[in-house]
Amino acid sequence: MNFEFFNPTHLVFGAGTISRLGELARQHGKKALVVTGGSSVKRNGTFNRAVASLKEAGVLVTECSGVEPNPRITTVRRGAQIAREENCDVVIALGGGSVMDASKVMAAAFYYDGDPWDMIYHGQPNPVVPTRALPVITVPTLAATGSEMNMGAVISNEETSQKSFVQAPCLYPKIALVDPELTMTVPKDQTAYGVCDLITHVTEAYFN
């Protein structure tokens, strides 16, 4: 077997490491766009813990909430616009694979003057491959996709009913803060779905 492996993402793993978010984020920026999905991160206290750590480290916080499963390009556009208007210089993805994927494309769209859908390959002859993005820190709350340490993202376009991907080295997260305690409140059925997703991603990479 021959292969090459490269992953520049700095992995910080351990129970309770959410408390280090501010310390780590401060290495990359002074104002964070914190991207979230539904309301679960607020109900279980994860969001408040993250924001408290950021504020303690002197990192300002702006939120972009409501990232849906199979994240939409409209949400990516909204997040990039918030980041520009608020002068954010680091993006923190606090959630599952959809939140992390959307965050990566928001970070790249921050520097792109056109429509971020141009970056998503959907059969166009000259897709825009991003070469620059705001630093992204991923804080997964669900074990499933592996998006916390890869350079890919999958985005949907509800207007055209298309779902596709972008891959670029600039989309690698700078830091993956993996705190297993954050997955303890995931319901049993969602945990099972995550296991199926893990198996699927591993096997598709092997066979393809």
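To be clear, the structure that these remarks concern was listed above.
One numbering rule holds for all chains: residues counted from 1, following each sequence as written. At least 70 in pLDDT is required for a residue's local features to be given in this predicted model, at least 80 for side-chain atom pairs to be given and counted, and no such filter applies to totals for whole chains, interfaces and linings, which use all residues. The side-chain values count all of the structure's non-hydrogen atoms but skip hydrogen atoms and water molecules.

Caption draft 1: Inspection of the overall build of the protein at higher detail. Looking only at helices and strands, the protein has six helices and eight strands in total. Secondary structure elements follow DSSP: runs of H or I no shorter than four residues count as helices, runs of E no shorter than two count as strands, and numbering proceeds from the N terminus. Beginning at the N terminus, the succession of helices and strands in the protein can be written as β-α-β-α-α-β-α-β-α-β-β-β-β-α. For the protein, the spread of C-alpha atoms along the principal axes amounts to about 45 × 40 × 35 Å. Burial classes: relative accessible area under 20% of the type maximum marks a residue as buried, over 50% as exposed, and values in between as partly exposed (1.4 Å probe, protein chains only). Within the protein, the fraction of its 208 residues that count as buried is 47%. Contacts: residue pairs with any heavy atoms within 4.5 Å of one another. Intrachain contacts of the protein at a sequence separation of at least 6 include 81% that bridge at least 24 residues. Accessibility throughout is a Shrake-Rupley quantity obtained with a 1.4 Å probe, and a residue counts as covered only by protein chains that appear here. Entry remark: accessible area of the protein is about 10,900 Å², with carbon and sulfur atoms responsible for 54%.

Caption draft 2: Looking closely at the sheet that holds strand β4 (residues 90-95). For two strands to be treated as a pair, DSSP must find no fewer than two bridges joining them. Read from one edge of the open sheet, six strands run β1-β8-β5-β4-β2-β3, paired in parallel fashion. Either end of the sheet is taken by a strand with one partner, and the two such strands are β1 (10-13) and β3 (60-64). Strand after strand, the sheet turns through a mean of 20° between neighbouring axes, direction not considered. Inspection of the sheet shows strand β2 (residues 31-35) paired to β4 by four bridges, in the parallel sense. Among the inter-strand pairings, L33 is bridged to a residue of β4, identified as V91. Across the sheet, helix α3 (residues 46-56) lies against β2, β3 and β4, angled at about 155° from β4, the strand it touches most. A fitted line through C-alpha atoms serves as each axis, taken over the contacting stretch for helices, and the angle formed by two N-to-C directions is quoted from 0 to 180°.

Caption draft 3: Representation of the side chain of D101. By the secondary structure assignment, D101 is in helix α5 (residues 97-109). K104 provides the closest opposite charge to the buried, unpaired D101, separated from it by 4.4 Å. Here S147 takes part through its side chain, which lies 2.6 Å from a polar atom of the side chain of D101. Excluding anything up to four places from it in sequence, D101 contacts P71, S147, G152, A153, V154 and I155. A residue counts as positive if it is Lys or Arg and as negative if it is Asp or Glu; His and the chain ends are not included. Every case where a carboxyl oxygen of Asp or Glu lies within 4 Å of a side-chain nitrogen of Lys or Arg is listed as a salt bridge. As used in this structure description, the phrase polar contact means that two N or O atoms lie within 3.5 Å; if the pair is within protein, one of them must be able to donate a hydrogen and the other to accept it, and residues adjacent in sequence are counted only when both atoms belong to side chains.

Caption draft 4: Looking closely at the packing of helix α4 (residues 73-85) against α5. The N-to-C vectors of α4 and α5 enclose an angle of 50°; their axes lie 8 Å apart at closest approach. One finds that α4 runs oblique with respect to α5. Here α4 and α5 pass one another in a crossing that is right-handed. On α5, the residues touching T75, V76, G79, A80 and R84 of α4 are A102, V105, M106 and A109. To sort the angles, those under 35 degrees are grouped as roughly parallel, those over 145 as roughly antiparallel, those from 65 to 115 as roughly perpendicular, and the leftovers as oblique. Take the far helix as your reference; a near helix turned counterclockwise from it by less than a right angle gives a left-handed crossing, and one turned clockwise gives a right-handed crossing.

Caption draft 5: Spotlight on the state of the cysteines. By disulfide we mean two sulfur atoms from cysteines, separated by a distance within 2.5 Å. One pass over the full model with this rule turns up zero disulfides. Considering cysteine sulfurs only, C88 is the nearest to C64, which forms no disulfide, with 9.7 Å between them. Residue C64 is classed as buried on the basis of its relative accessible area, which comes to 0%.

Caption draft 6: Layout of α3. Residues of α3 that are buried include every one of T46, F47, A50, V51, S53 and L54, and no others. Down the axis of α3, the buried side of the element spans an arc of 160°, and every buried residue falls inside it. For α3, exposure combined with an orientation more than 90 degrees from the buried face picks out N48, K55 and E56. As for α3, its buried residues are in contact with α1 (21-25), β2, α2 (40-43), β3 and β4. G58 occupies a position one or two residues after α3 and carries a positive phi of about 85°. Throughout, the arc means the angular range of directions from the helix axis out to the C-beta atoms.

Caption draft 7: Spatial organisation of the environment of V76. Note on placement: V76 falls in helix α4. A relative accessible area of 0% means that V76 is categorised as buried. For V76, the residues in contact, after removing those within four places along its chain, are A102, V105, M106, P116 and I155.

Caption draft 8: Broad picture of the pattern of salt bridges. All chains considered together, the criterion is met by four salt bridges. Where K31 meets E86, a salt bridge forms, and the shortest distance between an N and an O atom there is 3.2 Å. Here E86 lies in the loop between α4 and β4 and K31 lies in strand β2, a separation of 55 residues in the sequence. You can call K31 buried: its relative accessible area is 19%.

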